[in-house]
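Residue-level structure breakdown
Listed here are the chains, written in short residue letters.
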Amino acid sequence: MSDTVLVLNVGSSSIKFALYGDPAARPLLRGKIAGIGIGAGPVLSARDEAGNVVPADEIPAQDPAAGHDALIPSLLTWLAGYQRGTRIVAAGHRVVHGGRDLAGPQMVSDALLAELDALVPLAPLHQPHNLAAIRAVSAFMPGLPQVACFDTSFHRTQDRLAQLFALPRALTDAGIIRYGFHGLSYEYVASALPVHLGGRAEGRVLVAHLGNGASVCAMRARQSVATSMGFTALDGLMMGRRCGAIDPGVLLHLMEGHGMTAAEVAHLLYEESGLFGVSGLTNDVRVLEASTAPEAQEALALFAYRAACEMASLAAAMEGLDAIVFTAGIGENSALVRDAICARLGWLGVALNKDANAANAARISAASSRVDVLVLPTDEEGVIARATRALTSG
Ligand code: ADP
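A quick note: this is a predicted structure, and the numbers were derived from the prediction, not measured.

Thoughts on the pattern of salt bridges
Applying the stated criterion across every chain, the model contains 13 salt bridges. For Glu380, the salt bridge is made with Arg94, and the minimal N-O distance between the two is 3.5 Å. Taken together, the residues Glu380 in helix 15 (residues 380-392) and Arg94 in strand 5 (residues 86-95) connect sequence positions 286 residues apart. For Glu380, a relative accessible area of 10% puts it in the buried group. Among the charged side chains, a network of salt bridges with common partners joins Arg30, Asp379 and Glu381.

Examining the site of the ligand
For the ligand, the set of nearby residues contains 13 residues, the closest of which are Asn212, Asp284, Val285, Gly329 and Asn333. Side-chain polar atom of Asp284 to an oxygen atom of the ligand: 2.6 Å apart, as the coordinates give it. One nitrogen or oxygen atom from the main chain of Val285 is found 2.8 Å from an oxygen atom belonging to the ligand. When isolated, the ligand has an accessible area of 580 Å², and the protein chains bury 71% of it. When residues of the shell around the ligand are traced back to their parent elements, those giving at least two are helix 10 (285-290) and helix 12 (328-333). Residue contributions to the shell around the ligand peak at four residues, all from helix 12. Looking at the shell around the ligand residue by residue, the classes come out as three nonpolar, seven polar and three charged.

Let's talk about the sheet that holds strand 12 (residues 372-375)
Spatially, five strands are ordered 10-9-8-11-12 in an open sheet, and the strand pairing comes out mixed. Bordering the open sheet on either side are strand 10 (223-227) and strand 12, each of which pairs with just one other strand. Direction aside, the axes of adjacent strands within the sheet are offset by 25 degrees on average. As defined by bridge partners, strand 9 (residues 214-220) adjoins strand 10 across four bridges and the pair is classed as antiparallel. Bridging across to strand 10, Cys217 finds its partner in Thr227. Contacts between helix 11 (residues 294-317) and the sheet are confined to strand 8 (204-210), strand 9, strand 10 and strand 11 (323-327), with strand 9 contributing the most and set at about 20 degrees to the helix.

Here's the deal with the packing of helix 7 (residues 248-256) against helix 8 (residues 262-271)
Where helix 7 contacts helix 8, the two axes come as close as 10 Å, and the packing angle between them is 135 degrees. One way to sum up the angle between helix 7 and helix 8 is to call them oblique. Note that helix 7 runs across helix 8; the crossing there is right-handed. Only Ala262, Val265, Leu268 and Leu269 of helix 8 make contact with helix 7, whose side of the interface consists of Leu251, Leu254 and Met255.

Here we look at helix 1 (residues 68-80)
Here helix 1 is 13 residues long and its end C-alpha atoms lie 18 Å apart, about the 18 Å a rise of 1.5 Å per residue gives. When helix 1 is considered as a whole, its buried residues turn out to be His68, Leu71, Ile72, Leu75, Leu76, Trp78 and Leu79. The buried residues of helix 1 occupy an angular sector of 160 degrees when the element is viewed end-on, so they sit on one face.

Describing the packing of aromatic side chains
For the structure on display, the rule yields two aromatic pairs. Taking the centre distance of 6.3 Å and the plane angle of 90 degrees together, the rings of Phe17 and Trp78 count as edge-to-face. Placement of Phe17 in strand 2 (residues 15-20) and of Trp78 in helix 1 is noted, with a sequence separation of 61 residues between them. With respect to class, Phe17 is no different from Trp78; both count as buried. A cation sits over an aromatic face here: Arg241 above Phe276, 3.9 Å from the ring centre.

Some words on a nonpolar patch on the surface
A contiguous nonpolar patch, built from Val278, Leu302 and Tyr305 and spanning about 220 Å² of accessible area, is present on the exposed surface. For Tyr305, a relative accessible area of 40% corresponds to the partly exposed category.

A short note on the state of the cysteines
As used in these notes, a disulfide is a covalent bond between sulfur atoms, one from each of two cysteines. Summed over the entire model, instances satisfying the criterion amount to zero disulfides. Cys309 supplies the cysteine sulfur nearest to Cys243, a cysteine that is in no disulfide, at a spacing of 16 Å. Cys243 gets classed as buried once you look at its relative accessible area, which sits at 15%. Counting only cysteine sulfurs, Cys309 is the nearest neighbor of Cys342, a cysteine outside any disulfide, at a range of 14 Å. Classification of Cys342 by relative accessible area gives buried; the value is 3%.

Conventions and cut-offs
Residues numbered from 1 in each chain as written. Predicted model: local features only at pLDDT ≥ 70, side-chain atom pairs only at ≥ 80, totals over all residues. Heavy atoms only, no water. Salt bridge = Lys/Arg side-chain N within 4 Å of Asp/Glu carboxyl O. Helix = DSSP H or I, 4+ residues; strand = E, 2+ residues; numbered from the N terminus. Buried < 20%, exposed > 50% of the residue type's maximum accessible area, 1.4 Å probe, protein only. Near = heavy atom within 4 Å. Polar contact = N/O pair within 3.5 Å; in protein donor to acceptor, adjacent residues only side chain to side chain. Areas by Shrake-Rupley, 256 points an atom, 1.4 Å probe, with all protein chains shown as cover. Nonpolar A, V, L, I, M, F, W, Y, C, P; charged D, E, K, R; others polar. Pairing = 2+ DSSP bridges. Axes fitted to C-alpha atoms, helices over the stretch in contact; angles between N-to-C directions. Contact = heavy atoms within 4.5 Å. Parallel < 35°, antiparallel > 145°, perpendicular 65-115°, else oblique. Left-handed = near helix turned anticlockwise from the far one by under 90°. Expected span 1.5 Å × (residues − 1). Arc of directions from axis to C-beta. Phe/Tyr/Trp six-rings, centres within 6.5 Å; stacked < 30°, edge-to-face > 60°. Lys NZ or Arg CZ within 6 Å of the ring centre and 35° of its normal. Patch = residues over 30% accessible without salt bridge, like charges linked within 9 Å, V, L, I, M, F, W, Y side chains within 5 Å. Disulfide = S-S within 2.5 Å.

Shown next, in the form of structure tokens:
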């Protein structure tokens with residue numbers, strides 16, 4: 001019987017999962033339940049170790065009305081029997097918030113869960129789902145060792161100044177600071193840098209994680225120096241449906257002048273803004289790229305403009321720039337967006353090789369570029385699997 005590690009990344013409308021034999025190798029199975037609580041209901045899809053789609057007749061049917069509570073046990077039942085001759089010996093979870101103190105992955109215990117429950121107000125849209133998944137696994141497999149890996153941990157190396165808002169001290173002391181997110185993705189990229197950059201990996205590197213959620217991290221010696229997301233995952237770059245950095249006076253105006261409630265403002269900022277709101281069409285960059293509508297083109301242009309401005313600001317935070325890495329759905333696949341961003345960073349010594357960029361090559365900078373520019377696929381699940389194995393083996 002060989003051992004496997006289960007990885008769960010549970011979001012508000014999706015559950016991503018993976019099953020690893022060797023955490024250093026490709027997962028035996030990787031998949032997603034999408035559409036939870038929306039549209040026609042949950043849809044499970046998965047790929048095997050070779051990257052082949054698991055046939056529909058091997059995938060359990062999903063109850064259209066099922067929420068997270070029902071989906072997690074049925075997913076675990078399927079995964080536990082997925083491959084004969086294997087058994088799940090540990091589970092690792094992506095947990096969005098680890099607060100001020102948790103600077104690395106932790107074994108799950110009652111005390112840890114109580115500490116993480118107390119952080120729910122800081123990430124109300126994500127943390128409850130993450131913790132419910134841990135509890136669902138405990139109920140289904142009592143005694144199974146579990147590990148929590150936090151999106152905030154990677155940024156705890158930042159100087160105090162990079163974490164402060166210019167607010168009264170009492171609020172800082174109460175935890176209203178810049179936490180930063182996407183840490184598991186940044187940790188993966190940091191681990192992959194030496195292979196691609198040699199000694200320059202230890203220099204000043206900007207990593208742009210451009211997915212539906214988008215942020216940038218400034219790294220020195222492969223540690224976080226500053227990042228564009230702050231107290232919440234709303235700050236910084238324009239995103240798929242989130243606005244990114246915004247004049248806080250706009251929020252006061254919407255509430256006082258337009259009579260909007262806090263819940264309505266939250267919905268506007270998290271769900272109706274970003275590429276979706278500016279284009280009036282969609283948050284899918286593929287669709288926007290194919291569209292000739294001026295609103296679609298303006299949305300993409302604003303996305304690139306805002307990303308370039310944030311990246312230049314973070315280059316100032318680390319006092320220079322040696323390399324840029326693009327990752328996540330847009331960063332790995334959109335030559336157009338990468339080109340539009342890098343065209344605005346020429347004054348920092350950035351020049352692209354157009355052919356390499358069009359081909360999504362690993363190195364897309366021109367030979368003459370003072371700054372190396374890379375495209376690296378991220379692997380958050382791999383980071384969780386390795387941390388889980390490291391904390392639970394022996
Ligand atoms: P999430 O934050 O949901 O994990 P992803 O990292 O999967 O997001 O990124 C989703 C984004 O990537 C979407 O905007 C999608 O349009 C974009 N994307 C995916 N493939 C391509 C592609 N081939 N060209 C351009 N954009 C792409």
